[in-house]
Amino acid sequence: MASITGWAHTPFGKLTDKTVEALIGDVANEAIEKAGLSADQIDAVCLGTFNAGLVRQDFTGSLVSSAVPELRHVPATRYENACATGSAAIHGALDRIAAGKARHVLVIGVEKMTALPTADVGNVLLKASYVEEEADIDAGFAGIFGRITSAYFQKFGDQSDALAHIAAKNHANGTLNPLAHMQKDFGFEFCNQISDKNPYVAGPLRRTDCSLISDGAAALVISHDEAAEAMEHVVSFRAAEQVNDYLALSKKDPTEFLGARMSWNKALESAGLTLDDLSFAEVHDCFTIAELIEYEIMGLAKRGQGGDIVRSGETAIGGRLPVNPSGGLKAKGHPVGATGVSMHVMATKQLMGEVAGAKVKDAKLAAIFNMGGTAAANYTSILERLR
């Protein structure tokens, strides 16, 4: 397949003084340098950004050469697939390498979200829902996942305490990630109680159940395996799978994440691995209910029993499968177009022994699950450190 040979990641947060172009430049140069390459060795650029009105400037792929003039004549293509935009850009790079059209591809994920008022951000993100039926749901995507949470609770009982355990776990991990948007340990009790600082946002979801609106960028250099043989830092793709599902909630069981399960299982099968071979996972916790359902699609728990897994500590550091040691989207932040690339960078840093949140002992194999919409575009990668 191909390997990650360079990486970079800005802090996530409210980066008032940074434009999209500046964020691109920050990570592009650093990732190329980390790979031990010069810009003239990059054969293509795959850039992921959602935008959809978050900033005025669009046609973002063509900003790369403005930030890095040496890339002026290098093919650059913009990708978009909702919250899985970054993973779509990674798959674009893998496809280009597999087709024999590139040896080294620069992948960038970037988003600037905080320039708009929160309500306007919510309206922009709703463009990634099935607008015909879902655009008028109150509270934007929080409202959509609030409905998913209510449906899950109706099927399997109130799991509010399990969601609080997920939030507390991820915030605790995020305190150890210097790039995370929120580096504060709120604790289970705070996350589990309704208060002025932790009110209901949508349905049963509280503020601590919702990921953050963030700015930021992340980048990877992905190299053909043959080219990577002579390179210093090499993390190999053991698998990279995409499975789509219906966009409309009305056409599927929104508590099942069927496309996500299929993506996850295909990745394990193509890598020749089982769940217990994995060292840790970075998964898409845009809302805590998503992580809980993902425990079930991953095979950690049977349907309706995801809450038992987090209560038992199986997804904590030192547990059976640590989930989101970086702090996840919940603490690290969720700049939409950057998220998929960020998850791969954090997993790579963890495998390489670099600081990336809570440390996973002897990490060798990492799984990443990133989704767009309500489990509509589902991407699973499995990474292994080679050297």
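The rules behind each value
- Residues numbered from 1 in each chain as written.
- Predicted model: local features only at pLDDT ≥ 70, side-chain atom pairs only at ≥ 80, totals over all residues.
- Heavy atoms only, no water.
- Helix = DSSP H or I, 4+ residues; strand = E, 2+ residues; numbered from the N terminus.
- Rg over C-alpha atoms; globule rule 2.2 N^0.38 Å.
- Buried < 20%, exposed > 50% of the residue type's maximum accessible area, 1.4 Å probe, protein only.
- Contact = heavy atoms within 4.5 Å.
- Pairing = 2+ DSSP bridges.
- UniProt positions renumbered as here; feature names shortened; annotations may be inferred.
- Axes fitted to C-alpha atoms, helices over the stretch in contact; angles between N-to-C directions.
- Phe/Tyr/Trp six-rings, centres within 6.5 Å; stacked < 30°, edge-to-face > 60°.

The protein chain is annotated in an unreviewed UniProt entry as Acetyl-CoA acetyltransferase of Ahrensia kielensis.

S.K.: How would you explain the overall build of the protein chain if you had to name every residue and give the values?
M.R.: From N to C terminus, the protein chain includes 14 helices and eleven strands. For 387 residues, the compact-globule estimate of 2.2 N^0.38 gives 21 Å, and the protein chain sits close to it at 19 Å. For the protein chain, the spread of C-alpha atoms along the principal axes amounts to about 55 × 45 × 40 Å. The proportion of buried residues among the 387 residues of the protein chain is 60%. Expressed as a percentage of contacts within the protein chain between residues at least 6 apart in sequence, the contacts between residues at least 24 apart total 77%.

S.K.: Quick rundown of the pairing of strand β9 (residues 280-283)? Include the residues and the values.
M.R.: Of the two faces of β9, the one carrying F280 and E282 and the one carrying A281 and V283 are both buried. With four bridges connecting them, β9 and strand β10 (residues 365-372) associate as parallel partners. When the bridges of β10 are listed, E282 appears paired with I368.

S.K.: Residues and numbers for the UniProt feature "domain: Thiolase N-terminal" (unreviewed entry) in the protein chain, please.
M.R.: UniProt annotation of "domain: Thiolase N-terminal" (unreviewed entry) refers to residues 4-181 when read in the numbering used here. In residues 4-181, the share of helix is 43% and the share of strand is 13%. The end C-alpha atoms are 25 Å apart.

S.K.: Which residues make up the environment of A358, and what are the values?
M.R.: Counting through the fold element by element, A358 comes out in the loop between α14 (336-351) and β10. Here the alpha-carbon distance between A358 and E33, two residues 325 residues apart in the chain, equals 26 Å. Residues within four places of A358 in sequence aside, it is in contact with N173, L176, I317, P325 and Q350.

S.K.: Any chance you could break down the sheet that holds strand β2 (residues 44-48) for me, citing the residues and the numbers?
M.R.: Strand order in the open sheet formed by nine strands is β3-β2-β4-β7-β1-β8-β11-β10-β9, with mixed pairing between adjacent strands. For this open sheet the edge positions go to β3 (76-79) and β9, each flanked by a neighbour on one side alone. Strand after strand, the sheet turns through a mean of 25° between neighbouring axes, direction not considered. By the bridge criterion, seven bridges tie strand β1 (residues 2-9) to strand β7 (residues 216-224) in an arrangement that is antiparallel. Looking at β7, one finds that S3 is bridged to S223. In the packing of α14 onto the sheet, contacts are made with β1, β2, β4 (104-111), β7, β8 (235-244), β9, β10 and β11 (377-385), and the angle to β7 comes to roughly 60°.

S.K.: Tell me about the packing of aromatic side chains, and name the residues and values.
M.R.: For any pair of aromatic rings, the description rests on two quantities: the centre-to-centre distance and the angle between the ring planes. Taken as a whole, this structure holds four aromatic pairs when the rule is applied. Ring centres of F141 and F145 lie 6.2 Å apart, and the angle between their planes is 35°; this geometry places the pair in the tilted category. With F141 and F145 both in helix α6 (residues 140-156) and four residues apart, the pair spans about one turn of that helix. For the pair shown, F141 and F145 are each scored as buried. Relative to F156, the ring of Y152 lies with its centre 4.8 Å away and its plane at 55°, an arrangement referred to as tilted.

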